[in-house]
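Breakdown of the fold
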Amino acid sequence: MQGLTQFEQIAIWSVLGVAILGLLYAVFLRSQILKEDKGTEKMQEVWGAIRDGADAYLRRQLGSILPLIGILTVALFFSVYIVPPSPEALERFAGQSEANVRLIIGIARAAAFVMGAGFSLTVGQIGMRMAVQGNVRVAAASRRSFGDALRIAYRAGTITGMLTDGLGLFGGTIIFIILGIAAPDALLGFGFGGTLLALFMRVGGGIFTKAADVGADLVGKVEAGIPEDDPRNPAVVADLVGDNVGDCAGMAADIFESYEVTIVSGLILGLALWHITGRLEWIIYPLIVRGIGVLSSIVGTYVVRGGSGKSGDALAAIFRGFLSSAAISAALFFIAAFIYLNKPEMTQWGGWWRTPLAVAVGVLLAIVIDRLTEYFTGTHASPVQEIKKGADTGPATLILQGIAVGYESSVWAILVIALTVVASIFIFGTIPGVDAGQRVSFILYGVAMTGIGMLTLTGNNVAMDSFGPISDNANGIGEMSWSGMEDEETKAAQQIMADLDAVGNTTKAITKGVAIGSAVIAAVSLFGSFLVDVSRAQNALGVPLAEQIQQVGIRVDIPQVFVGMLIGGALPWLFSSFAIQAVSRASALIVQEARRQFRLGVLEGTVKPDYRQAVSIATTAAQKELVGLALLGVVTPIVVGLMLQVEALGGFLAGIILSGQLLAVFMNNAGGAWDNAKKLIEDEPKNPAANTGKGSERHKAGVVGDTVGDPMKDTAGPALNPMIKVVNLVSVIIAPIVVQYAKATGGVQIAIWAVVLILLGLLTWAILQSKKTAPPVTQMM
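Residues numbered from 1 in each chain as written. Predicted model: local features only at pLDDT ≥ 70, side-chain atom pairs only at ≥ 80, totals over all residues. Heavy atoms only, no water.

Examining the overall build of the protein
Per the secondary structure count, the protein includes 21 helices and zero strands. In terms of overall size, the protein behaves like a compact globule, its C-alpha atoms giving a radius of gyration of 26 Å where 781 residues would be expected to give roughly 28 Å. On the principal axes, the C-alpha backbone points of the protein span a range of 80 × 55 × 45 Å. Looking at the protein as a whole, 64% of its 781 residues qualify as buried. Residue pairs in contact within the protein that sit at least 24 positions apart in sequence constitute 86% of those at least 6 positions apart. With the model as given, the accessible surface of the protein reaches about 26200 Å², and the carbon-plus-sulfur share is 65%. Looking at the protein, you have 54 positive and 59 negative side-chain charges, and the mean spots of the two groups are 3 Å apart. (Helix = DSSP H or I, 4+ residues; strand = E, 2+ residues; numbered from the N terminus. Rg over C-alpha atoms; globule rule 2.2 N^0.38 Å. Buried < 20%, exposed > 50% of the residue type's maximum accessible area, 1.4 Å probe, protein only. Contact = heavy atoms within 4.5 Å. Areas by Shrake-Rupley, 256 points an atom, 1.4 Å probe, with all protein chains shown as cover. Lys, Arg positive; Asp, Glu negative; His and termini not counted. Charge placed at Lys NZ, Arg CZ, Asp CG, Glu CD.)

Topic: the packing of helix α6 (residues 183–224) against helix α7 (residues 236–277)
At a minimum axis distance of 7 Å, the contact between α6 and α7 shows a crossing angle of 160°. With respect to each other, α6 and α7 are oriented roughly antiparallel. The hand of the α6/α7 crossing is left-handed. The residue inventory of the contact of α6 with α7, partitioned by class, reads 20 nonpolar, nine polar and seven charged. (Axes fitted to C-alpha atoms, helices over the stretch in contact; angles between N-to-C directions. Parallel < 35°, antiparallel > 145°, perpendicular 65-115°, else oblique. Left-handed = near helix turned anticlockwise from the far one by under 90°. Nonpolar A, V, L, I, M, F, W, Y, C, P; charged D, E, K, R; others polar.)

Digging into helix α15 (residues 458–481)
Across its 24 residues, α15 extends 34 Å between first and last C-alpha, which sits within 8% of the 34 Å expected from 1.5 Å per residue. α15 sits mainly inside the fold: 23 of its 24 residues count as buried. (Expected span 1.5 Å × (residues − 1).)

What to know about the environment of V726
For V726, the location among the structural elements is in helix α20 (residues 697–740). Separated by 203 residues in the primary sequence, V726 and A523 have C-alpha atoms spaced 9.5 Å apart. Discounting residues that sit within four places of it in the chain, V726 has contacts with F192, T195, L196, L199, G633 and V634.

Considering the environment of N505
Residue position: N505 is located in helix α16 (residues 488–540). Along the chain, N505 and G672 lie 167 residues apart, while their C-alpha atoms are 7.3 Å from each other. Apart from residues no more than four positions distant in its own chain, N505 is found in contact with D675, N676 and K679.

Quick look at the nonpolar core
Judged by nonpolar contacts, the single largest core of 259 residues is most densely connected at F192, Y285, L500 and F530. Setting aside anything within four residues of it in sequence, one finds Y285 in contact with F333, A336, A337, Y340, L341, T355, P356, V359 and M449. One finds V219, I226, A594 and F598 within the second-largest nonpolar core, a separate group that totals six residues. (Core = buried A, V, L, I, M, F, W, Y, C linked by side-chain atoms within 4.5 Å.)

What follows is the structure in structure tokens.
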């Protein structure tokens, strides 16, 4: 807090207060949800099986990842001893010896890493547990009214959103309060911890949920011809558990780390502008923006209402809340900027309006991506209708149409992101009196502010995402609990659940689109942070300004840079291949287990299904892949940097950002479109003569398309988001070390190559681990 005006100090403490307010609001919503009725004894029995399976999975996952977290905590502490302390750290702790400064920053970075990992884990685990608490209550409320069911589902999801907002803002603000201008040294650890945990939860949860989902659909709908969520299907509880560990815990941790990373990159680039302008406003305004976002999300929660009848438009109500929050926050951005940035000292740097305009562009980007994703995956638009039409001639044409939709959606998504970067160029690229290198820093800061604006409404985005699995689970609980009941009240409740489930599919696809878009914007911002850190390291070594990377740029005509770009472009494909292979192997085991139980008489009702076995198979498969896939993201950039030098590492980052974004959007939207096309066929009147409705050949084609898309949209595609940011954060951390020892000779050079060989060995192990056949499952019956 050194050097801040009284207004700035009040603003920072107010932001911290808003973060705490967001957490208290989550506690308040939790108390409201827990007061709601949990339904019949049968509903609670199904709910208890889902809850126990989800808790068991998360305990097993925690045991798998803690050793690697411990190793990386130690590595981050010692990373500050490899390069000299930053000038900001020396200035912040003036009067301390260099050894003490290293010790302070080392402890701060390691502690921030643990805090980021802990917060990410907290968001995922508590968010998932509240989703589990909400789903049975939504099912019970559906027997009363559409509005009650919608309210409970959305507010249960909002608890996770407020945790994401509150903990992300609290962590970034408290680090800034303690370390001041030296905060970026620790914020890198904070962002890395959150991102790595998100990668673990995304990969593990995604493999679990889709192994169970694909297995349940293939053996239940396609082979046995029984409905979705039929209680006779031995994989049905594993499927419902998977919705929670994948879409709730995984997505919450994913958006949380995006929230962290955008503020980390914004503060690092703000620090670069502080060096240019001598103004702290570039660092403090992003924190103010985040505080505004928390308040706006709280207000938007109460706009989501569905009425008291037996039907309604849930998607319209949810978007009404989102757009209300967007309008409130955009207005407050400009008001805060006018009050805080409208001063003579800032006028010479382009005026007060540029920064809030960049943030507003980010809010607009989130809305455009929402609309774009809804168009390509929603049930009313032509892409999904065309996929549905493809079912008339079998699964092959349906799958081909879905692939085409995914390809096209990637193009439009990347054009929207490109226009966002162009907007930053127009906003910050016209500031008079700055040289070319400074102009790049201003533009990249604008991109970072766009990312901060895009995730300003994180509370709304996470609530929209959690709404999907909560509604899906509620629908499943209803199907399993009300099987055989034909009264009008049950039919009305089932229709409410089906309607909310369909809307939940769209909201999940939309928030995945936002997560992917934010991942790319965050990665571009981190790329800017990478350039800043490399230039600072080069400047400390006496490299002439004209030869520094911010002046020269990343030139692809240099062979090693081009090689780095090729490797970066290939990494998302290898990562996705391993993730989908894991789902394929695990789902095959679940199909075999379900077939075994069917042979024992489960379908006829002579033997009860053993749900635990499928849960155990999916859990084992998910844990097997965790560390290996994480190592791909952590180790590869270190190897590229040490072998090919820092310019090639820049090319590597460019390759992974472009390739990863295209691939992630393709998989997300193609999978979402196949899923909703299947649901449209299921909603048709059942008529064997016309080949319509559930059980028809068209329906089986839809199920095949859905099962192909499941691991794409819920495993590989979403997991690319944290993987891209893990790679970028590791690159930012390792870049000064690569620059420091670029021209090392003798024993140091031998040590570097020894490290490279060890890391290559780890990569080889990771690849072999992902290809290893899953162990046979111990029979429990």
